[in-house]
Amino acid sequence: MKHLLTKIVFVVLTTIFLISCNAIKRVPKEEFLLTKNEIFVDSTKTNDPKLDNQLYQKPNSRLAWIPFRLHIYNIAKVNPDSMYLDWLYKKPNREKRLTNFLSKKQVDRLGVGYTGVNNWLKKTGEAPVMVDDAKANRSIKRLKSYYWNNGWFNVEADYKINKTEDQRASVSYYVQPHKPYFIDSLYTKIESKVADSIYQLHKSKSNIISGKQYRTLDIEAETERLTSLYRNSGLFHFEKEFIKFDADTVNTNQKIQLNLLINNRQITEGEQTKRIPFQVHKISKVNVFTDYSYQNKDKQPKDSVSYNGYNIYSYDKLRYTRKAIANSVLITPGEIFRDKDRTLTYNQINNLKTFKYPNIRYSMDPEDPKGTDLIANVLLTPRKKYSANVEFDVSTSNIQAFGIGFGGSFLIRNVFRGAEIFEISARGSVGSSKDPVDAEGKFFDISEIGVDLKLSFPKIIFPFRTSKIIPKYMSPTTNLIFGINSQQNIGLDKQNASGIFNYEWKPSTKLTNQIDLVNVQYVRNLNTGNYFNIYSNSFSRLNNIAGEVLDADSPFYNQENTLSIPSGANSFIIQSLGETPDPDLTTDQLQEIKNINERKERLTEDNLIFASSYTYLKNNRENLYDENFSRFRAKIEFAGNVLNTISNLAGLKENSSNRFEVFGVEFSQYAKTELDYIKHWDLGGKSVLAFRAFGGIALPYGNANSIPFARSFFGGGPNDNRAWLPYDLGPGSSGGRNEFNEANMKIALNAEYRYNILGSLNGAFFIDAGNIWNVLDSVEEEDAIFSKWDDLQEIAVGTGLGFRYDFDFFVVRLDVGFKTFNPANNQDQRWFRGYSFSKAVYNVGINYPF
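Quick summary incoming for the structure in this document. (Residues numbered from 1 in each chain as written. Predicted model: local features only at pLDDT ≥ 70, side-chain atom pairs only at ≥ 80, totals over all residues. Heavy atoms only, no water.)

With respect to burial, strand β31 (residues 811-821) is a largely interior element, eight of its eleven residues being buried. In this sheet, β31 lies alongside strand β30 (residues 796-806) in antiparallel orientation, the contact comprising ten bridges. When the bridges of β31 are listed, Asp 806 appears paired with Val 811. In the sheet, β31 pairs with strand β33 (residues 841-846) via six bridges, with the strands oriented antiparallel. Residue pairing for β33: Val 816 is matched across the bridge by Tyr 842. Bridge analysis of β31 against strand β32 (residues 831-834) gives two bridges, and the strand direction is antiparallel. Bridge assignment links Lys 819 to a residue of β32, and that residue is Gly 834. (Buried < 20%, exposed > 50% of the residue type's maximum accessible area, 1.4 Å probe, protein only. Helix = DSSP H or I, 4+ residues; strand = E, 2+ residues; numbered from the N terminus. Pairing = 2+ DSSP bridges.)

Quick look at the structure:
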């Protein structure tokens, strides 16, 4: 209580100090500090952020009602260099003493450092915003422009500056929109018959609708639509500037008669200027230069080939198959000119990762007497055939006290002359699981190494043609991926081998589809006898039960009177679950031993997963700086069905557990689905509201009664519920009493408000909710099972705050999570029992969690 009172007093005194700082310290006497803007529409105050964004002047930014950045700016001195010199020469012998103590150079650098600190304070802070009549007038013009562009053509606006005696002032803006104008009709005057016929065919998609209030954005959208329509309908020479709108609003009773005007194209021949109608242009030839460079621009190609109407050239020996080049170009000979074909070609060639950004040029075909044929020249510059990179990092975790990781990759382009990419990557690490000051044994006693191979083809490899289902503009890709990984003295010393054969294609820039036709993973545990050393919580519970029923001289004990690992612990389990268990064991204790054994068998068994899956992804984010977007991902996966069918057809015998084995391993069989939705709202002023919802379930059947650890779900961590450490949440209300808690069902909900504090430093408040459960598998522990809708009351809730520093190319994140609702506690102890910094979870991460 004493420490809590001290913290409260400290916060109160700090707040009083900041509030009492002189905010007008840098405001000249004849000026006024802007403290507030108010906007009144028809005499009613409004807080509409769209109107507030029209104002040129806004008060200094505040955090918790305090202008922190203004106070930081005020700390800086106005003329730090001259002030330093005044201080240095204020006393006759000060410079001499400092020079003797330091040096002349260091004394000068001291002044430079003093100036640098002041400049940093000014840059980090924020200069006082002073009321400016000129900017207020500009704000009035912007407000009137905003209303005019939304149909209020007779808008009136004015402002008033409200000054106080302490050099502070607020500005009140008064807006009278009057009646808005509505679109009554749209008339067209399109001189070119070709352009007019195209317009008539697509006028039903117009953004200009009769009876709708006028918006300039609708006019701009219609201009963009028509420009795109014409340039994708063969009108090569059409530009946005050819479209004109005018409006008649005189004596129309707030109704607008719009006129759409498109004149013929103006050209100059010699000294004469004339207008000619637009024509539909057709692509007569497509020339692709596969090794273009500035040095080659005036040379003649040495090698060439034609394929499906494409002319493929090379200034050296042609290094690509003609089909690979033709499939990457979406501009088709014999088709009309379409601007989108050029864009799709850019995207397709970039996706190959074999060429640099292409250059596509159109020119008139001199052999066409009508002047409507175009020649498309696609200029490609190859990337380097070979490239490599090396990685190195230092880390720490709950497994290792200190670790060093290293890795690298080697990439080969155009492996089989079809723009294929082959990549070899390797990763290794060594670490210490011991106290670094322990001199016994080797310091680096754990290690991990892995190698991955990936071969990508820029097409769908399938026995039948798929071009009608997945045309080449969708950037189809086939991937072959193989990987192996081995661990030593890490957990159960797993060996992991995997192989994937999948297809990817993108119907649009927002949609991505992926089919894993074959996804095979084999996991082998080499050191299963180490299980109870790794999962010490399970061993502790088992040992406590043994201590209640076994004699002190039991052969299951070691010299420390605990169950020996692994023989004593395993023997006690076998005896307890056998035909002659110890008579002193209660029903609850037997169930607990059964639960421990079930988890032990599941986590120590070798896994063979033969799965297929489909993933659908829709992401409408325009770029990295777009903060008003949504992302939806859905995945469905089936495993074991093929192996189970083959086993039945081949008449394989089941083992003692009534399951089939392949190469001595029971293969997994399950159905799994995941749904993931992310939404961001840009609130303006560098503030963003982010939301995520995730749901997943994996149900075992047939040849399995549980889900492999590698395909299960877990809760907690810096990208999940941040009030719990990774694998510490759930299942259900069991309290995360095992190490690496996982289950086969998960629900997660996250909401986060992100805001700017100052400069590159941002803050966040968040709330995370969710949990994991076991459902329809081998787990029998009631607290861990989702058996009825009431179990949704076990959703854990974490809240907290975070700080993020943006380095432009990545973000370093610190989040502090508090257990707000903990379902593992008793019913009357679940809310706000972990709401203190001593019980908080501190998460460090790179980039945003979602």
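Counting across every chain of the model gives four cavities of 30 Å³ or more. Of the pockets and cavities examined, the largest cavity occupies roughly 190 Å³. In terms of lining, the largest cavity is formed by 18 residues, of which the most central are Glu 598, Arg 599, Asn 738, Val 779 and Glu 781. Among the elements of the structure, α13 (536-549) and α15 (587-604) are those that each provide at least two residues to the lining of the largest cavity. Split into classes, the residues belonging to the lining of the largest cavity amount to four nonpolar, six polar and eight charged. (1 Å grid on protein atoms, 1.4 Å probe; cavity = no way out; pocket = protein on both sides within 12 Å on 5 of 7 lines; lining within 4 Å. Points joined across faces, edges and corners; volume = space filled by probe spheres on them. Nonpolar A, V, L, I, M, F, W, Y, C, P; charged D, E, K, R; others polar.)

Attention now goes to the pattern of salt bridges. Any two side chains of opposite charge can pair if their charged atoms end up close together. For the structure shown, the criterion picks out 37 salt bridges. Notably, a salt bridge pairs Lys 36 with Glu 38, separated by 3.5 Å at the nearest N-O pair. By relative accessible area, Lys 36 is classed as partly exposed at 40%. In this structure, Arg 225 and Glu 222 form a salt bridge, with 2.9 Å as the shortest nitrogen-oxygen distance. Taken as a pair, Arg 225 and Glu 222 lie in helix α9 (residues 216-231) at a separation of three residues, close to a single helical turn. No difference in accessibility class separates Arg 225 from Glu 222, as the two residues are buried. A single salt-bridge network, built from bridges that share partners, covers Arg 722, Glu 752, Arg 754, Asp 768, Arg 804, Arg 813 and Asp 815. (Salt bridge = Lys/Arg side-chain N within 4 Å of Asp/Glu carboxyl O.)

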